[in-house]
Amino acid sequence: MGTVTTSTVELNDGRRLPALGFGTYLLSPGRQTQDAVRTALDAGYRHIDTATVYGNERDVGAALRDSGLRRPEVWLTTKLWNADHARPLAALETSLEKLGVDSVDLWLMHWPVMRRLDSWKAMVRAREEGLAKSIGVSNFLTRHLDELAASSDVVPAVNQIELSPFLYGTRADTLRTCRDQGIVIEAYSPLTKGARLQHPVLEEIAAYHAVTPAQVLLRWSLQRDFVPLPRSSNPDRIRANADLDGFTLTNDELRRLDALDEGLTTGWDPAGAD
Ligand SMILES: NC(=O)c1ccc[n+]([C@@H]2O[C@H](COP(=O)([O-])OP(=O)(O)OC[C@H]3O[C@@H](n4cnc5c(N)ncnc54)[C@H](OP(=O)(O)O)[C@@H]3O)[C@@H](O)[C@H]2O)c1
């Protein structure tokens, strides 16, 4: 593995996804999103994760243009929101207009809502038309993935799910399904939205390596072959969260972290989705 901001992972459609992404959920539209995304791009992140429902696509697009980077240098992900399943392609066009781009690198179905199989067909069409270069899903558990596999030949390139050591064992079945189907896992809320950063095991491992608990969580994610999407509005933390090359967790430390599973979800749990 090279440096974290230049490493990529191969998707099942042959494209390469930057191994670290920058999350933008709860970043307010306007200056907060623009400043955070610009800081992230300056710090070397080359993968920005937004969504229609975050309400900040315009600001993500503005920060990208402001950075001076060329469009192909930055991987842009957005998501189809639940309310838009009656008109998925129109929703994508709106996202493209707000982002100010001709296509996104990855378009994800945000949640496995009722019309998901029809919407997936529309997403496949968007990929054929080049509006979304890769397509995937989010918050899909094994039963949702198996249902999709039975109805479509196109396997999602990515499944974006909540994932940290505190949820790892609980998601074992979904992780196995993704591995079997060749789906890359993106880890959302990799920092538990801050909820477990003071856990004593994390603090002990962090102190040993002279890093922060957040850096330990992100390193765990990378070493478990997940693509973490940390979010911060704080410039120092944005930079620190991408500064992960100076240490490696041992197998023993990885196993200690794995054992922290407590089924922790910090948002809505897809176990409740039909
Ligand atoms: N597909 C989905 O359904 C879904 C759901 C949730 C999230 N996501 C994606 O995943 C991304 C990340 O998840 P998330 O935003 O829920 O939470 P997260 O990245 O786990 O945590 C963000 C929180 O951690 C704090 N933080 C960040 N770096 C820190 C550090 N080094 N030390 C201490 N605190 C730190 C941030 O505060 P400061 O801003 O003050 O630093 C913020 O409060 C989202 O932004 C979004 O792109 C997707």
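Think of each chain on its own: its residues are numbered from 1, step by step along the sequence as written. Per-residue local features are limited, in this predicted model, to residues with pLDDT of at least 70; the limit for side-chain atom pairs, both in listing and counting, is 80 or more; totals at the level of whole chains, interfaces and linings are taken over all residues. The basis for every side-chain value is the complete set of heavy atoms in the structure, and neither hydrogens nor water enter the calculation.

## Brief notes about the packing of helix α7 (residues 200-209) against helix α10 (residues 251-258)
Here comes step 1: Angular values range over 0 to 180 degrees, each being the angle between N-to-C directions of two axes fitted as lines to C-alpha atoms, with helices fitted over their stretch in contact. Secondary structure is summarised from DSSP: a helix means a run of H or I of at least four residues, a strand means a run of E of at least two, and numbering begins at the N terminus for each. Between α7 and α10, whose axes approach to 10 Å, the crossing angle comes to 160 degrees. When the axes of α7 and α10 are compared, the pair comes out roughly antiparallel. Crossing of α7 over α10 shows left-handed handedness. Note on element contacts: α10 touches α7 through E253, R256 and L257, opposite V201, L202, E204, I205, Y208 and H209.
Here comes step 2: When its residues are assigned to classes, the contact of α7 with α10 shows five nonpolar, one polar and three charged. Each angle receives one of four descriptions, namely roughly parallel if under 35 degrees, roughly antiparallel if over 145, roughly perpendicular if within 65 to 115, and oblique otherwise. Each crossing gets its handedness from the near helix: less than a right angle anticlockwise from the far helix is left-handed, clockwise is right-handed. Pairs of residues are marked as contacts when any of their non-hydrogen atoms sit within 4.5 Å. Note that Gly is not counted as nonpolar here; it falls among the polar residues with everything else outside the nonpolar set of Ala, Val, Leu, Ile, Met, Phe, Trp, Tyr, Cys and Pro and the charged set of Asp, Glu, Lys and Arg.

## Considering the site of the ligand
Here comes step 1: Note on terminology: near, applied to a residue and a molecule or strand, indicates that one of the residue's heavy atoms is within 4 Å of it. As a matter of local geometry, the ligand sits amid 26 residues, with D49, R231, S232, S233 and R237 nearest to it.
Here comes step 2: A distance of 2.9 Å is found between an oxygen atom of the ligand and a backbone nitrogen or oxygen belonging to Y25.
Here comes step 3: Here a polar contact is taken to be a pair of N or O atoms separated by no more than 3.5 Å, where protein atoms must pair a possible hydrogen donor with a possible acceptor and residues adjacent in sequence count only if both atoms sit in side chains. Within the contact set of the ligand, an oxygen atom lies 2.7 Å away from a side-chain nitrogen or oxygen of R231.
Here comes step 4: We get accessible surface area from the Shrake-Rupley algorithm with a probe of 1.4 Å; when it comes to residues, only the shown protein chains can shield them. Protein coverage of the free-state accessible area of the ligand, which is 900 Å², stands at 86%.
Here comes step 5: Among the residues forming the shell around the ligand, the class breakdown is nine nonpolar, 12 polar and five charged.

## Here's the deal with the UniProt feature "domain: NADP-dependent oxidoreductase" (unreviewed entry) in the protein
Here comes step 1: UniProt positions are given in the numbering used here, feature names are shortened, and annotations may be inferred rather than shown by experiment. As recorded in UniProt, the feature "domain: NADP-dependent oxidoreductase" (unreviewed entry) lies at residues 20-262.
Here comes step 2: Helix makes up 42% of residues 20-262 and strand 15%, whereas the separation of the span's terminal C-alpha atoms amounts to 25 Å.

## A look at the nonpolar core
Here comes step 1: Residue types Ala, Val, Leu, Ile, Met, Phe, Trp, Tyr and Cys, when buried and joined through side-chain atoms within 4.5 Å, form a set referred to as a nonpolar core. Throughout, exposure labels follow a simple rule: accessible area from a 1.4 Å probe, protein chains only, divided by the maximum for the residue type, with under 20% read as buried, over 50% as exposed, and the rest as partly exposed. Counting residues in hydrophobic clusters, the biggest one holds 67 residues, and the most contacted among them are F22, W107 and W120.
Here comes step 2: A per-element tally of this core places helix α8 (residues 213-223) first, with six residues.

## A look at helix α5 (residues 142-151)
Here comes step 1: If you check which residues of α5 are buried, you get T142, H144, L145 and L148. Buried positions in α5, seen along its axis, are confined to an arc of 165 degrees and lie on one side of it.
Here comes step 2: The inward-facing, buried residues of α5 abut α4 (116-128), β7 (132-138), β8 (158-162) and α6 (172-181). What the arc covers is the set of directions going from the helix axis to the C-beta atoms.

## Considerations on the UniProt feature "binding site: substrate" (unreviewed entry) in the protein
Here comes step 1: When the UniProt feature table is mapped onto this chain numbering, "binding site: substrate" (unreviewed entry) sits at H110.
Here comes step 2: Of note, H110 is situated in the loop between β6 (104-109) and α4.
Here comes step 3: Residue H110 is classed as buried on the basis of its relative accessible area of 8%.
Here comes step 4: Sequence-distant contacts of H110, defined by excluding residues within four places in its chain, comprise A51, V53, Y54, K79, L80, W81, N82, S138 and N139.

## Notes on the pairing of β8
Here comes step 1: By the criterion of burial, β8 is predominantly enclosed, with five of the five residues buried.
Here comes step 2: With burial as the criterion, each face of β8 is covered, one bearing V158, Q160 and E162 and the other bearing N159 and I161.
Here comes step 3: Only strands joined by at least two bridges in the DSSP assignment are considered to pair. Both β7 and β8 contribute to a ladder of two bridges, which runs parallel. Bridge pairing in β8 links S138 to Q160.

## Observations concerning the sheet that holds strand β4 (residues 47-49)
Here comes step 1: If you walk across this open sheet you meet the eight strands as β3-β4-β5-β6-β7-β8-β9-β10, and the pairing is parallel. Strands at the two margins of the open sheet, each flanked by one partner only, are β3 (22-23) and β10 (227-228).
Here comes step 2: Taken strand by strand, helix α3 (residues 88-99) contacts β5 (75-80), β6 and β7, and its axis lies near 140 degrees from that of β6.

## Quick look at the environment of P88
Here comes step 1: The topology assignment puts P88 in helix α3.
Here comes step 2: Since its relative accessible area comes to 10%, P88 is described here as buried.

## Re the packing of aromatic side chains
Where two aromatic rings form a pair, the distance of their centres and the angle of their planes describe that pair.
Here comes step 1: Whether two aromatic rings pair depends on their centres lying within 6.5 Å, for rings of Phe, Tyr and Trp, where Trp uses its six-membered ring; planes under 30 degrees apart make the pair stacked, over 60 edge-to-face, and the rest tilted. Here the structure, examined in full by the defined rule, presents six aromatic pairs.
Here comes step 2: For the ring pair Y25 and Y54, a centre distance of 5.1 Å and an interplane angle of 45 degrees mean the geometry is tilted. Placement of Y25 in the loop between β3 and α1 (31-42) and of Y54 in the loop between β4 and α2 (57-67) is noted, with a sequence separation of 29 residues between them.
Here comes step 3: Ring plane angle 55 degrees and centroid distance 5.7 Å describe the contact between W220 and F226, whose orientation is recorded as tilted. For the pair shown, W220 and F226 are each scored as buried.
Here comes step 4: An aromatic cluster of three or more residues is present, and its members are Y168, W220 and F226.

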